[in-house]
2 protein chains.
Amino acid sequence: MRADARKIHSHLFAVAREVVAEQGAAASLREIARRADVGLGTLYRHFPTREALFEALLRSALDDLTRKAGELESTDAPGEALVAWFRDGIAFVRSYRGVVELMAGAIDDPQSALHASCTTVRSAGANLLHRAQATGVARADIDGADLFALMASLGWLGDQAAFAPRAGHLADVIASALLTDRHLRSRKHA
Amino acid sequence: MRADARKIHSHLFAVAREVVAEQGAAASLREIARRADVGLGTLYRHFPTREALFEALLRSALDDLTRKAGELESTDAPGEALVAWFRDGIAFVRSYRGVVELMAGAIDDPQSALHASCTTVRSAGANLLHRAQATGVARADIDGADLFALMASLGWLGDQAAFAPRAGHLADVIASALLTDRHLRSRKHA
DNA sequence: ACCTGAACACCGTTCAAGT
DNA sequence: ACCTGAACACCGTTCAAGT
């Protein structure tokens, strides 16, 4: 990439982060180009799709989330690790208002620039889930895709003004539903 | 209303139902007017907002849902009634793809034409929830707003192609989380 | 009393023309 | 090699003009 292009790229990235933080994932691409003082075609050249832009915006938070799953696996008990990561996952999908819609559309679409990111998150969660299921503390009738869907639905709740105040509490309710009685009893006795 | 206007009104209603069934709640209003062979301003005259149109489209299904809550209260045990109505509620919010977003926006906005419809649904559910809580079969730490939010989130899952296949199963998982151990034990012994 | 559709202010996406 | 912005095909919403 030419030096001037690299400069525009990072400028666009910074402006996009700002606009998306303000207006959410449905922000107008025209508005981003406008604020960056760049032709609309230039934005498309650097980020050919909305998904490509978000892939860039989310990359570092995504890497953090994947790393976190590994850490929790070595530091926490299976049930606690699963629930803690579930919360981190919800926080991640709430990085930007509306991003969860983009992720829901990408998880089953190999063409999407966000596809790999989404499947990585799903796998990281599936690992923690399987570990918790193997020790009998997580219910056996859900899989990694279910865990991802539940995370997404809680992210969506947080995006809706009317539901956001209760989203945290509902995350607790659902997190507890991931665990088995055996786990819940053992925590009471601890 | 003049006779010709009444005729156009019911024609618009029928065409809107058709287009929305095909394209979801985000369908273009222009497209509806076009297919109805009516000026765009005429659509706006009959249904001044998207919410007003959906209020009309959903009215009868909404009435059914409210009546159903009363019926279940007199025919079913508190826990079973709650869970059965929870499923009906999810089916209702799934009447049309994307309608759940409209409802989420309306529940806390008294200006919305859908506001009354949404609060009616929420109340009907709250009654069944309170009854189940009074007999100790539903967990005490959720309220009618939580129940409504959970229904909405499951409706949203059903709207996402990637999540829809598991939405039914996830509804089971969450429905069971609404109930207490006491209820679940009593069912096992039955 | 009711209907019409042009007008306005926006979108996303593409691509010939410029530097 | 890269950037530009007009062009195209859409939106939602309003409102003067018509019947």
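Use the structure listed above.
Calculation criteria
- Residues numbered from 1 in each chain as written.
- Chains lettered and ligands numbered in written order.
- Predicted model: local features only at pLDDT ≥ 70, side-chain atom pairs only at ≥ 80, totals over all residues.
- Heavy atoms only, no water.
- Least-squares fit on C-alpha atoms with pLDDT ≥ 70 in both.
- Contact = heavy atoms within 4.5 Å.
- Near = heavy atom within 4 Å.
- Polar contact = N/O pair within 3.5 Å; in protein donor to acceptor, adjacent residues only side chain to side chain.
- Helix = DSSP H or I, 4+ residues; strand = E, 2+ residues; numbered from the N terminus.
- Salt bridge = Lys/Arg side-chain N within 4 Å of Asp/Glu carboxyl O.
- Expected span 1.5 Å × (residues − 1).
- Buried < 20%, exposed > 50% of the residue type's maximum accessible area, 1.4 Å probe, protein only.
- 1 Å grid on protein atoms, 1.4 Å probe; cavity = no way out; pocket = protein on both sides within 12 Å on 5 of 7 lines; lining within 4 Å.
- Points joined across faces, edges and corners; volume = space filled by probe spheres on them.
- Nonpolar A, V, L, I, M, F, W, Y, C, P; charged D, E, K, R; others polar.

(A) Representation of the relation of the copies chain B and chain A. Least-squares fitting of chain B to chain A yields an RMSD of 0.0 Å, with the transformation described by 0.0 Å of translation along the axis and a rotation of 180 degrees. Here the symmetry operator amounts to a two-fold rotation axis. Residue by residue, 100% of the interface of chain B is reproduced at the interface of chain A, so both copies engage with the same surface.

(B) Up close: the protein's contact with DNA strand D. Around DNA strand D, the surrounding shell holds 21 residues, and the nearest of these are G39(A), T42(A), R30(B), Y44(B) and R50(B). Sugar and phosphate atoms constitute 57% of the interface atoms of DNA strand D, taking the interface as everything within 4 Å of the protein. A distance of 2.3 Å separates a base nitrogen of DNA strand D from a polar atom in the side chain of R30(B). Taken together, the elements giving at least two residues each to the surface near DNA strand D come down to α1 (3-23) and α3 (40-46) of chain A together with α2 (29-35) and α3 (40-46) of chain B.

(C) Here's a closer look at the pattern of salt bridges. On inspection of all chains with the given rule, the structure shows 24 salt bridges over all chains. Between R59(A) and E55(A) there is a salt bridge, and its shortest N-O distance comes to 2.1 Å. Placement of both R59(A) and E55(A) in helix α4 (residues 50-75) is noted, with a separation of 4 residues, approximately one turn of the helix. Taking the shortest distance from any N to any O, the salt bridge between R166(B) and D146(A) comes out at 2.6 Å.

(D) Fine view of the protein's contact with DNA strand C. Neighbouring DNA strand C are 21 residues, the closest being R30(A), Y44(A), R50(A), G39(B) and T42(B). Counting only the atoms of DNA strand C within 4 Å of the protein, the fraction contributed by sugar and phosphate is 53%. Within the side chain of R50(A), one N or O atom sits 2.8 Å away from a phosphate oxygen of DNA strand C. G41(B) places a polar main-chain atom, nitrogen or oxygen, 3.3 Å from a base oxygen of DNA strand C. Secondary structure elements with two or more residues in the surface near DNA strand C: α2 (29-35) and α3 of chain A together with α1 (3-23) and α3 of chain B. With 5 residues, the top contributor of residues to the surface near DNA strand C is α3(B).

(E) Local environment of helix α7 (residues 115-134) of chain B. Residue and element names in this part refer to chain B. Given a rise of 1.5 Å per residue, 20 residues ought to cover 28 Å, and the 28 Å separating the end C-alpha atoms of α7 matches this to within 8%. Burial in α7 covers these residues: H115, S117, C118, T119, V121, A124, G125, A126, L128, L129, A132 and Q133. Those residues of α7 that are buried lie in contact with α4 (50-75), α5 (78-93), α6 (99-106) and α8 (144-159). Where α7 terminates, the next one or two residues include G136, which has phi positive at roughly 80 degrees.

(F) Layout of the layout of surface pockets. Residues and elements named next belong to chain A. Volume-wise, the second largest pocket comes out at about 150 Å³. In this structure, the second largest pocket is lined by Q23, G24, A25, A26, R50, R97, G98, E101, L102, D159 and Q160. Taken together, the residues that form the lining of the second largest pocket break down as 3 nonpolar, 4 polar and 4 charged.

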